[in-house]
Amino acid sequence: MNILSLENVGKNYGVKPLFENATFGIEESDKIGIIGANGSGKTTLLKVIAGTETPDTGKVVRTQGKTLAYLAQNPTIDENATVLETIFAASGGVMRLIRDYEKACHDLATGDANQKLLEKVSALQHELEMSGGWEIETNARIVLDRLGIYDTSAQMKTLSGGQRKRVALAHELIFKPDILILDEPTNHLDADTIEWLEDYLKRYTGALLLVTHDRYFLDRVTNRIFEIDRGGVQAFAGNYAYYLEKKEEQEANRHVENHKREQLIKKELAWLRRGAKARTRKSKHRINAAYDLMAQPKERAKSEIDIAIGAQRLGSKIIELRDISKSYDGRRLVDDFSYLLKRDDRIGIIGANGAGKTTLLEIITRRIKPDAGEIEIGQTVKIGYYDQESRALDDEQRVIDYIRETAEYVTTVDGNQITAGQMLEKFLFPPAAQYSLIANLSGGERRRLYLLKILMDTPNVLLLDEPTNDLDIPTLIALEEYLDDFAGALVVVSHDRYFLDRTIDSIFKFADAGKIREYAGDYSAYLEIAEREETEQSKIRASAKINNGAVNEKEKSKPLKLSFKEKRELESLETRVGEAETRLAEIAAELTLFASDAYKVNGLFTEQQQLTERLDKDMERWAELSERDV
């Protein structure tokens, strides 16, 4: 069923048309990814569909009664509201009911359990049951837990930008509208949370539209792709991999058609130059057709970013970190870390938000001082640091002046010298855009400009902090190709699994208390190692639990040998323990799989609790009997 339609929709900013004559429909089961270059109008299209911007031409029609939610890149929030109030903001009676219930539970947990409060919780539980709100409440608990939102009493103004984005995302996921629109939802999420969100959205029952640079996410979640290219919106009936296949076919066909047209024009020009022997109707018709053919506008080639900047020579001594430690507010972020950076290093840094990844980069660049340890940097080292905040950007400066601050000329990889303006054109900033203020650029264009400034300084050690945030896919592909041939060391902090797989060959994982562990290989290799180690650790924990039980039994008086009946019981216990551990692992997977099914989730929780209690008793009895089985 078609639940939303665009009819000949167009949007312009000044003289620049973003898109024109966009016509398409959205079905209930659609999961649509919108792609295109920075500044092509992806965010604008989302706003037009969401109704927060009015199209210049055409109209947007939504089926009556269908709900819609829109998560912007930078959501507007009430600074003085609490996290709880923001998450359950007035989206309906049930949402307000859940908000009151969650607040009452929080008050009960943190204050005195007085009779009045107990009665309020009981009454709200009854109302939730009568209104069918338990499904939403169960989903809310899962969403909040997986997004790392624990303190619901905190005020929004105390949160970081990433925390605010996660709270806003939680609101939209809990609300569960018929049409969910997400603009860069993976920004500010760590890799584990992105994988959870990926699974959640694959099971989402409503229509989904999203803009993301995460190509794994795009490929695994979507079933349609809308591309904004050269002022048009084209639909592809498949995921990102399907889009790439069809796009390659289109480009090949376009090349063939352009070649045919050029050959026909050459032929017609030759005929015209010879001159018509007689002004017959036939010759006049051919003359008119030839002029019409030549008057047709030549199709614009698709603009592609060209990163062709060289790097300075790098000596043998690069960067050495010795026993580096750093803490904030009593929390250890980096603990006794040592590493000698090598010329050909390609390092990816991963870890939970707030673990200390950016702190390590800031220490390397000497923006902040470590509490302990030393840093040595070689004389030939020239660091290019692409930080998350693009701190070097000045909104009041013109684009061309910002780049000229770094260099008037730059030497490309093939040894040619080009001007700053020419380099800007290679980064898709045409001459007209070069004299506009930086404040007028889109978020993606600002990040692309910032990247150009870093690379124009010809660094030989690149530190990239979340480079994929706000960069479009074509720019990421060009950056990946540039890094393939980059003659220096690379250290990148990123949650983008595809980018990490594409650019790095070792992983530094931030663990608890500032400990950093190295894994050989790309991100996919790290996942395989982590999964294998987790399986081994589960076995060790189970064995340790059994052994601890056996040790405790030794402290008692020497037990009697097992009777025949007890030996049979021991064999039965071993089977039951194995089956229980297997089932508990299955339940953990099913809780994620059926997260949106409140009835199923409640049943699984009950089964999990009962099975855990039974397993504890069986393990205790097994330890007792196994000690005597000698």
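Let us look at the structure shown here. These figures come from a predicted structure and were not determined experimentally.

**Quick notes on the overall build of the protein**
Then step 1. When helices and strands are counted, the protein shows 20 helices and 20 strands.
Then step 2. A total of 630 residues make up the protein; the buried ones form 45% of that total.
Then step 3. When the accessible surface of the protein is totalled, it reaches about 32400 Å², and 48% of it is carbon and sulfur.

**Notes on the sheet that holds strand β6 (residues 179–183)**
Then step 1. Taking strand neighbours across the sheet as the criterion, the six strands line up as β5-β6-β7-β3-β8-β9 in an open arrangement whose pairing is mixed. For this open sheet the edge positions go to β5 (68–71) and β9 (232–236), each flanked by a neighbour on one side alone. Each strand axis lies, on average, 15° off the axis of its neighbour in the sheet, ignoring direction.
Then step 2. Sheet topology places strand β3 (residues 31–36) next to strand β8 (residues 224–229); five bridges connect them, and they run parallel. In the sheet register, Gly33 faces β8, and the bridge partner there is Ile225.

**Thoughts on the environment of Gly133**
Then step 1. Here Gly133 lies in the loop between α4 (115–131) and α5 (134–146).
Then step 2. Taking the C-alpha atoms as reference points, Gly133 and Gly93, 40 residues apart in sequence, are found 9.6 Å from one another.
Then step 3. Look past the residues within four positions of Gly133 in its chain and what remains in contact with it is Val94, Ile98 and Leu128.

**Re the side chain of Arg447**
Then step 1. In this fold, Arg447 is placed in helix α15 (residues 443–456).
Then step 2. In this structure, Arg447 is buried with no salt-bridge partner, the nearest side chain bearing the opposite charge being Asp470 at 4.7 Å.
Then step 3. Ignoring sequence-local partners within four residues, the contact set of Arg447 consists of Tyr386, Asp387, Gln388, Glu389, Ser390, Asp465, Glu466, Asn469, Asp470 and Leu471.

**Details of the pairing of strand β7 (residues 207–211)**
Then step 1. The buried fraction of β7 amounts to five of the five residues, a majority that puts the element mostly inside the structure.
Then step 2. The pairing of β3 with β7 spans three bridges and is classified as parallel. From the neighbouring strand, Gly33 faces β7, where its bridge partner is Leu210.
Then step 3. Pairing of β6 with β7, which is carried by five bridges, proceeds in the parallel orientation. Considered in β7, the bridge of Asp183 is made with Val211.
Then step 4. For the crossover from β6 across helix α7 (residues 191–202) to β7, the handedness is right-handed.

**Some thoughts on the nonpolar core**
Across soluble globular proteins, nonpolar side chains show a tendency to be buried alongside one another.
Then step 1. Judged by nonpolar contacts, the single largest core of 51 residues is most densely connected at Ile87, Leu173, Ile174 and Leu201.
Then step 2. When residues of this core are sorted by domain, at least three fall in each of domain 1 (1–67 + 177–238) and domain 2 (80–167).
Then step 3. Beyond its immediate sequence surroundings of up to four residues, Ile174 is in contact with Ile87, Phe88, Met95, Ile136, Asn139, Ala140, Val143 and Leu144.
Then step 4. Core analysis: the next-biggest nonpolar cluster, separate from the first, contains 47 residues, Ile400, Phe427, Met456 and Phe486 among them.

**Points about the side chain of Asp190**
Then step 1. Note that Asp190 resides in the loop between β6 and α7.
Then step 2. As a buried residue without a salt bridge, Asp190 has its nearest oppositely charged side chain in Arg166, at a separation of 7.0 Å.
Then step 3. Not counting residues within four places of it along the chain, the set of residues in contact with Asp190 comprises Gly351, Ala352, Asn353 and His495.

**Examining the pattern of salt bridges**
Then step 1. The final tally for this structure, using the stated rule, is 36 salt bridges.
Then step 2. A salt bridge links Glu533 to Arg517; the nearest nitrogen and oxygen atoms lie 2.6 Å apart. Here Glu533 is found in helix α18 (residues 523–554), whereas its partner Arg517 is found in strand β20 (residues 516–520), with 16 residues between them in sequence.
Then step 3. The partner of Glu586 in a salt bridge is Arg583, and the shortest N-O contact between them spans 3.2 Å. One end of the pair is Glu586 and the other is Arg583, both in helix α19 (residues 564–593) and three residues apart, which spans about a single turn.
Then step 4. What emerges from the salt-bridge pattern is a single network uniting Lys317, Glu320, Arg322, Glu374 and Glu376.

**What to know about the packing of α5 against helix α6 (residues 161–175)**
Then step 1. Running from amino to carboxyl end, α5 crosses α6 at an angle of 150°, the nearest separation of the two axes being 9 Å. Relative to α6, the element α5 is oriented roughly antiparallel. Relative to α6, the crossing made by α5 is right-handed. Judged by residue contacts, Ile136, Asn139, Ala140, Val143 and Leu144 of α5 engage Ala170, Leu173 and Ile174 from α6.
Then step 2. Classifying every residue of the contact of α5 with α6 gives seven nonpolar, one polar and no charged.

**Quick notes on the packing of aromatic side chains**
Then step 1. Enumeration according to the criterion identifies 11 aromatic pairs in this entry.
Then step 2. Aromatic side chains Tyr386 and Tyr450 sit 5.2 Å apart centroid to centroid with 35° between the ring planes, which places their arrangement in the tilted category. Of this pair, Tyr386 sits in strand β14 (residues 383–386) while Tyr450 sits in helix α15; the two residues are 64 residues apart in sequence, bridging distant segments of the chain.
Then step 3. Classification of Tyr386 as buried rests on a relative accessible area of 0%.
Then step 4. Note on Tyr450: relative accessible area 2%, which makes it buried.
Then step 5. The interplanar angle of 45° and the centroid separation of 5.5 Å between the aromatic rings of Tyr523 and Tyr526 together place this pair among those described as tilted. Of the two residues, Tyr523 and Tyr526 are both situated in helix α18; the distance of three residues between them amounts to about one turn of the helix. The pair Tyr523 / Tyr526 is uniform in exposure class, with both members buried.
Then step 6. Ring-pair connections join several aromatic residues into one group, and the members of that group are Phe236, Tyr240 and Tyr243.
Then step 7. Lying across the ring of Tyr216, Arg220 places its NZ or CZ 4.6 Å from the centre.
Then step 8. One Lys or Arg, Lys453, reaches over the ring of Tyr402 and ends 4.4 Å from the middle of that ring.

**Quick look at the packing of helix α3 (residues 93–110) against α4**
The angle between the axes and the distance between the axes are what describe a pair of packed helices.
Then step 1. Where α3 meets α4, the axes come as close as 10 Å, and the angle between the chain directions of the two elements is 150°. Considering the angle they form, α3 stands roughly antiparallel to α4. Judged by the sense of rotation from one axis to the other, the crossing of α3 with α4 is left-handed. From α3, Val94, Leu97, Ile98, Asp100, Tyr101, Ala104, Cys105, Asp107 and Leu108 reach across to α4, where they touch Leu117, Leu118, Lys120, Val121, Leu124, Gln125, Glu127, Leu128 and Ser131.
Then step 2. Classifying every residue of the contact of α3 with α4 by side-chain character gives 12 nonpolar, two polar and four charged.

The rules behind these values
- Residues numbered from 1 in each chain as written.
- Predicted model: local features only at pLDDT ≥ 70, side-chain atom pairs only at ≥ 80, totals over all residues.
- Heavy atoms only, no water.
- Helix = DSSP H or I, 4+ residues; strand = E, 2+ residues; numbered from the N terminus.
- Buried < 20%, exposed > 50% of the residue type's maximum accessible area, 1.4 Å probe, protein only.
- Areas by Shrake-Rupley, 256 points an atom, 1.4 Å probe, with all protein chains shown as cover.
- Pairing = 2+ DSSP bridges.
- Axes fitted to C-alpha atoms, helices over the stretch in contact; angles between N-to-C directions.
- Contact = heavy atoms within 4.5 Å.
- Lys, Arg positive; Asp, Glu negative; His and termini not counted.
- Salt bridge = Lys/Arg side-chain N within 4 Å of Asp/Glu carboxyl O.
- Right-handed = clockwise from strand over helix to strand, strands pointing away.
- Core = buried A, V, L, I, M, F, W, Y, C linked by side-chain atoms within 4.5 Å.
- Domains from an automatic or database assignment.
- Parallel < 35°, antiparallel > 145°, perpendicular 65-115°, else oblique.
- Left-handed = near helix turned anticlockwise from the far one by under 90°.
- Nonpolar A, V, L, I, M, F, W, Y, C, P; charged D, E, K, R; others polar.
- Phe/Tyr/Trp six-rings, centres within 6.5 Å; stacked < 30°, edge-to-face > 60°.
- Lys NZ or Arg CZ within 6 Å of the ring centre and 35° of its normal.

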